[in-house]
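Coordinate inspection notes
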Amino acid sequence: MGSSGDGSLASNDGTGKGEVFHKGVAISMWQNSGDDDSNWTNFIKSNFPFKALPFGFKRFSGKHSVLQTCPDTWNRYEEDVELAAKAGCNAFRLSIEWARIEPRKGEIDMDAVARYHAILDSMEAAGIEPNATLHHFTHPQWFEDLGGFEKAENIQHFVAWSLKAIELFGSRITFWATFNEPTCAMFLGWITGMHPPGKILACITAGKVVMHKLQAHCEAYEAIKRTAIGKSLQVGLVHHHITFLATGPRLLRGLAAYAADWMNYWWGYELIHQWMLTGKFTWKVPLLGQWLEWQHPGGKPPCDWFGVNYYSRSVVTWYMKPWCLPGEVMTDMYYPIYADGLYEALMQSNQYGIPIYITETGIADKSDKNRATMIDKYMRAMLRAIADGADVRGFYYWTLVDNFEWNAGYLMEFGLYAWQPDGSVDRKLKAGAKALVRFFKALPSNLSALRAAAARLVKEGELPDHEQMHAEAEEVLHDLTARGHKGRRRHGHAMVAAT
Ligand code: BGC
């Protein structure tokens, strides 16, 4: 597509050449389309501990898992890229699945490679910039069997995978992320056991896994930069920025605060914040104190851009019940809408001195009553951060179509477009999603123009109501709303039209 080779693109909004602000959607191919042999596929097939518990996987996921039915972007990519473009996107974040490309060690599946090229062709035709993630929680089972990121000696396999991906797709994709949310994967996989490998309170191993992923990020970054095209690529890291706030009756609040402090340190932001600023990784564990330490020899870690995945601030009680403060609105994901946290996350991330992309934000909202409010508030929080000097260069909504929310299955509905596993709804634009389309249509795509608009809007006080933002959006919305009822049937997947 129109990449200039230095990471900048020609603007698509008629304002001339310049860096483009990414208006995008984000997906992980596994959550949309499953696969045959990744760690996650095998985890779902296994009897991992939470599956058996009443609040475990089966209860969350209802009848179906991604292995039985899925929205299937893998086969329906043309439609999905078109839906993203119609919604006003000029960028699309997706995972390049290691388990699809290299299902057995050293064996490259050329059909999967060809499919990714076809997906990139569709994006190119639609004027959409791809943003690829090399590891979005999933990897091949053979890598898991070797011990995955628990073992330092396996880092070389990830570096080799990164180089293979660059060899296959580097001429077509400028923006790369090594990892999606190393701390989130660690917490859910090694502390709570809800993600693979399903370990509970394996606190020491958990630290090694994060450390090895951060080391793998640095090694992959440096190896990519040594390739012939490396310097023209933008290689970043994506972090889940969340904070935890203790609440509850005064006597028990101390316990909640103890838990919240650990959550902030491990998962939230402290560990990664320190590492991004200094290259120093320290792993502390309750009762045992500091356990691991590693300093990146170059000081600050190498990173061309920082991805902020932001959803909320979590309010916790002493017995870890998710809560919210009075006046806040809960989402279906056990945390509230909290826009100030996005502003804070962006201002804090700005200290790293590299461009920031909001690589994920969104809301699980089955009722669809709160989606427009969330989009409106988070978009304003981002514009406020930009006006205050944060170098934010993109906003990716999670996610395009309702998909499989890991251990929470199909019960969490984040999509801009509704999709139901029983086939009753297929890619129907949600009413609340229109707020995003209006923002995407109204805001300039040229980064300098967007910065100027943010400064003006914030200075003038209120941003215009998203309902009044852009007349052009109305036509598109009309078209999309009508289209969503039709659905399509392709590649043998049962996608029944809604009425
Ligand atoms: C992950 C996504 C997930 C989303 C919503 C992020 O932590 O990267 O894979 O679906 O949050 O929970």
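Residues numbered from 1 in each chain as written. Predicted model: local features only at pLDDT ≥ 70, side-chain atom pairs only at ≥ 80, totals over all residues. Heavy atoms only, no water.

Among the nonpolar cores identified, the biggest contains 136 residues, and Phe92, Phe169, Trp176, Trp266, Phe281, Trp283 and Met382 are the most heavily contacted of them. Here this core takes 12 residues from helix α11 (residues 203-226), the largest share from any one element. Those residues in contact with phenylalanine 92 that lie beyond four places of it in its chain are Val25, Ile27, Asp80, Val81, Ala84, Met123, Ile128, Glu129, Pro130, Asn131, Tyr396 and Leu400. Core analysis: the next-biggest nonpolar cluster, separate from the first, contains 16 residues, Tyr357, Ala364, Trp398 and Phe414 among them. (Core = buried A, V, L, I, M, F, W, Y, C linked by side-chain atoms within 4.5 Å. Buried < 20%, exposed > 50% of the residue type's maximum accessible area, 1.4 Å probe, protein only. Helix = DSSP H or I, 4+ residues; strand = E, 2+ residues; numbered from the N terminus. Contact = heavy atoms within 4.5 Å.)

As a further point, take the pairing of strand β10 (residues 356-361). Note on strand geometry: in a regular strand, side chains alternate between the two faces of the sheet. Across the six residues that make up β10, a large majority, six, are buried. Pairing of strand β8 (residues 305-316) with β10, which is carried by four bridges, proceeds in the parallel orientation. When the bridges of β10 are listed, valine 308 appears paired with isoleucine 358. The pairing of β10 with strand β11 (residues 392-398) spans three bridges and is parallel. (Pairing = 2+ DSSP bridges.)

By the element assignment, aspartate 426 lies in strand β13 (residues 426-429). In terms of polar contacts, aspartate 426 uses its side chain to reach the side chain of arginine 76, at 2.8 Å. (Polar contact = N/O pair within 3.5 Å; in protein donor to acceptor, adjacent residues only side chain to side chain.)

To continue, consider the layout of surface pockets. As a volume, the second largest pocket reaches approximately 370 Å³. Looking at the lining of the second largest pocket, the elements that each hand over two or more residues are α6 (98-101) and α7 (110-125). Of the residues that constitute the lining of the second largest pocket, the class distribution is seven nonpolar, six polar and eight charged. (1 Å grid on protein atoms, 1.4 Å probe; cavity = no way out; pocket = protein on both sides within 12 Å on 5 of 7 lines; lining within 4 Å. Points joined across faces, edges and corners; volume = space filled by probe spheres on them. Nonpolar A, V, L, I, M, F, W, Y, C, P; charged D, E, K, R; others polar.)

For the rest of this paragraph, the subject is a nonpolar patch on the surface. Nonpolar side chains collect at one region of the surface, where Tyr258, Leu287, Leu288 and Trp291 lie side by side and expose about 520 Å² of accessible area between them. With a relative accessible area of 46%, tyrosine 258 lands in the partly exposed category. (Patch = residues over 30% accessible without salt bridge, like charges linked within 9 Å, V, L, I, M, F, W, Y side chains within 5 Å. Areas by Shrake-Rupley, 256 points an atom, 1.4 Å probe, with all protein chains shown as cover. Salt bridge = Lys/Arg side-chain N within 4 Å of Asp/Glu carboxyl O.)

Once that is clear, we can look at the site of the ligand. What surrounds the ligand is a group of 13 residues, the closest being Gln31, Glu181, Glu360, Glu405 and Trp406. A distance of 2.8 Å separates an oxygen atom of the ligand from a polar side-chain atom of asparagine 180. Notes on the ligand: free accessible area 310 Å², of which the protein chains cover 96%. Looking at the shell around the ligand, its residues break down into five nonpolar, five polar and three charged. (Near = heavy atom within 4 Å.)

A few words on helix α17 (residues 447-459). Look at α17: 18 Å from first C-alpha to last across 13 residues, which is about the 18 Å you get at 1.5 Å a residue. When α17 is considered as a whole, its buried residues turn out to be Leu447, Leu450, Ala453, Ala454 and Leu457. One side of α17 holds all its buried residues, which, seen down the axis, span an arc of 120°. The exposed set on the far side of α17, more than 90 degrees from its buried face, consists of Ser448 and Lys459. The inward-facing, buried residues of α17 abut α15 (371-387) and β11. (Expected span 1.5 Å × (residues − 1). Arc of directions from axis to C-beta.)

In this structure the tally under the stated criterion is zero disulfides. No disulfide involves cysteine 303; its nearest neighbouring cysteine sulfur is the one of cysteine 218, lying 8.5 Å away. Look at cysteine 303 and you get buried, because its relative accessible area is 9%. (Disulfide = S-S within 2.5 Å.)

Contact geometry for helix α10 (residues 182-191) and α11: axes closest at 9 Å, N-to-C directions at 155°. Taken together, the axis directions place α10 and α11 in an arrangement best described as roughly antiparallel. For the pair α10 and α11, the crossing hand works out as right-handed. Of the residues in α11, those touching α10 at Pro182, Thr183, Ala185, Met186, Trp190 and Ile191 are Cys203, Thr205, Ala206, Val209, Val210, Lys213 and Leu214. Within the contact of α10 with α11, the residues separate by chemical class into 10 nonpolar, two polar and one charged. (Axes fitted to C-alpha atoms, helices over the stretch in contact; angles between N-to-C directions. Parallel < 35°, antiparallel > 145°, perpendicular 65-115°, else oblique. Left-handed = near helix turned anticlockwise from the far one by under 90°.)

Attention now moves to the packing of helix α5 (residues 77-86) against α7. Interaxial distance between α5 and α7 falls to 9 Å at its minimum, and their mutual angle equals 30°. One finds that α5 runs roughly parallel with respect to α7. Considering only the axes of α5 and α7, their crossing is right-handed. Contacts from Tyr77, Glu78 and Val81 in α5 reach Arg115, Ala118, Ile119, Ser122 and Met123 in α7. A per-class count over the contact of α5 with α7 returns five nonpolar, one polar and two charged.

As a further point, take the side chain of aspartate 80. Mapping aspartate 80 onto the fold places it in helix α5. Accessibility expressed as a relative area gives 0% for aspartate 80, which makes it buried. Among the polar contacts listed, one links the side chain of aspartate 80 to the side chain of threonine 73, at a separation of 2.7 Å. Those residues in contact with aspartate 80 that lie beyond four places of it in its chain are Thr73, Phe92, Leu400, Val401 and Arg427.

Moving on, we get to the pairing of strand β6 (residues 280-285). Bridge analysis of β6 against strand β7 (residues 289-295) gives six bridges, and the strand direction is antiparallel. Within β7, the residue paired with lysine 284 across the bridge is glutamine 290. The antiparallel hairpin formed by β6 and β7 contains three residues in its connecting segment, where leucine 287 sits at a positive phi of about 70°.

This brings us to the environment of glycine 230. Relative to the elements of secondary structure, glycine 230 occurs in the loop between α11 and β5 (234-246). Taking the C-alpha atoms as reference, glycine 230 lies 9.8 Å from serine 171; in sequence the two are 59 residues apart. In this view, glycine 230 contacts Ile224 and Lys225; residues no more than four positions away in its chain are not counted.

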